[in-house]
Amino acid sequence: MCSIDIFEYHIYYAVKFFKKENKVSSKKKDPYPEITKALRRGRVLAKKLLKMEGGVMPAEEVATLLDVSSDEVFRLRTKGLLLAVKVRVFPRNPNFFKNVYPRWQFDEKEGKQIEGFKDVLEALRENVNVDDDNWRKFMFFFCKAKSLKKTPLEELREGNIEGVVLAAQGYGEQGGW
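Below: a short report on this structure. Residue positions are given per chain, counted from 1 along the sequence in the order it is written. For this predicted model, a pLDDT threshold of at least 70 governs which residues receive local features, and a threshold of 80 or more governs which side-chain atom pairs are given and counted, while totals over whole chains, interfaces and linings are taken from all residues. As a convention, hydrogens and water are excluded, and side-chain values are obtained from all of the structure's heavy atoms.

For helix α2 (residues 33-51), spanning 19 residues, the distance from its first C-alpha to its last is 28 Å, which sits close to the expected 27 Å at 1.5 Å a residue. For every residue, the accessible area obtained with a 1.4 Å probe (protein chains only) is divided by the maximum for its type, and the residue is called buried under 20%, exposed over 50%, and partly exposed between those limits. Here a helix means four or more residues in a row that DSSP labels H or I, a strand means two or more in a row labelled E, and each is numbered from the N terminus. Restricting attention to buried positions, one finds in α2 the residues Ile-35, Thr-36, Ala-38, Leu-39, Gly-42, Leu-45, Leu-49 and Leu-50. Immediately beyond the C-terminal end of α2, within one or two residues, lies Glu-53, with a positive phi of roughly 55°. Here a helix's expected span is defined as the number of its residues, less one, multiplied by 1.5 Å.

Right, dumping it as structure tokens:
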């Protein structure tokens, strides 16, 4: 499942870039129907990912959960200590985005991030090609690595912090994971 999903995800962004660069207008007949279909598949995949493991929450809810200010949530996100992905607020307007935070990165009973999550984010941040792409970081937690018996998220919940950090260090490198 995961390799196909990642493939479709990359198609989605390649097509989006292609249409933007070639100024493909949606008002005329679409000269690239296959590309448009790939974009739709990418949007469907993104919606599925956002619903996994309890869904996502806005910054205000994260601030309440962690008992910090919204400014602190912003600071933690920009430092790479919280995982957030951008989603379009108004589907027809591509310029309005907001950050949402996956619930699965938190232990909501304890009111904190799950143990070792920051270490994994740090390992992912050190990895080239992944630092600027939070969607790839997001997907890392659901794709099974060769070095792990389960997905990184499941392993992290079971306390295998060291194994998940090692997998994160190899993520994105050819043959690295």
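Next comes the rest of the write-up.
All right, on to a positive patch on the surface then. Like charges are joined within 9 Å and nonpolar side chains (Val, Leu, Ile, Met, Phe, Trp, Tyr) within 5 Å, but only among residues with over 30% relative accessible area and no salt bridge; these make up the patches. Residue-level accessible areas treat just the shown protein chains as cover; the underlying method is Shrake-Rupley with a 1.4 Å probe. Criterion for a salt bridge: a side-chain nitrogen of Lys or Arg within 4 Å of a carboxyl oxygen of Asp or Glu. In this tally, Lys and Arg are treated as positive and Asp and Glu as negative; His is ignored, and so are the chain termini. Charge coordinates come from a single atom per side chain, which is NZ of Lys, CZ of Arg, CG of Asp or CD of Glu. Where like charges cluster on the molecular surface, the positive patch consists of Arg-40, Arg-43, Lys-47 and Lys-51. Its location among the elements puts Arg-40 in helix α2.

Next up on the list: the environment of Thr-78. Mapped onto the secondary structure, Thr-78 falls in helix α4 (residues 70-78). The exposure class of Thr-78 is partly exposed, given its relative accessible area of 49%. There is a polar contact of 3.0 Å between the side chain of Thr-78 and the backbone oxygen of Arg-75. Here a polar contact is taken to be a pair of N or O atoms separated by no more than 3.5 Å, where protein atoms must pair a possible hydrogen donor with a possible acceptor and residues adjacent in sequence count only if both atoms sit in side chains.

All right, on to the nonpolar core then. The tendency in soluble globular proteins is for nonpolar side chains to be buried as a group. By nonpolar core is meant a set of buried Ala, Val, Leu, Ile, Met, Phe, Trp, Tyr and Cys residues that side-chain atoms within 4.5 Å join together. Formed by 29 residues in total, the largest nonpolar core has its most connected members in Trp-104, Phe-117, Val-120, Phe-140 and Phe-141. Within the residue set of this core, elements represented by two or more residues are α2, β2 (85-88), α5 (117-126), α6 (134-140), α7 (152-157) and α8 (161-170). We call two residues in contact whenever any of their non-hydrogen atoms come within 4.5 Å of each other. Apart from the residues within four sequence positions on either side, Phe-117 is in contact with Leu-83, Trp-104, Gln-105, Phe-141 and Leu-156. The next biggest cluster of nonpolar side chains, apart from the first, holds 12 residues, and it includes Leu-65, Val-73, Ala-84 and Tyr-101.

Honestly, that's just the spatial picture; any functional story needs more than this.
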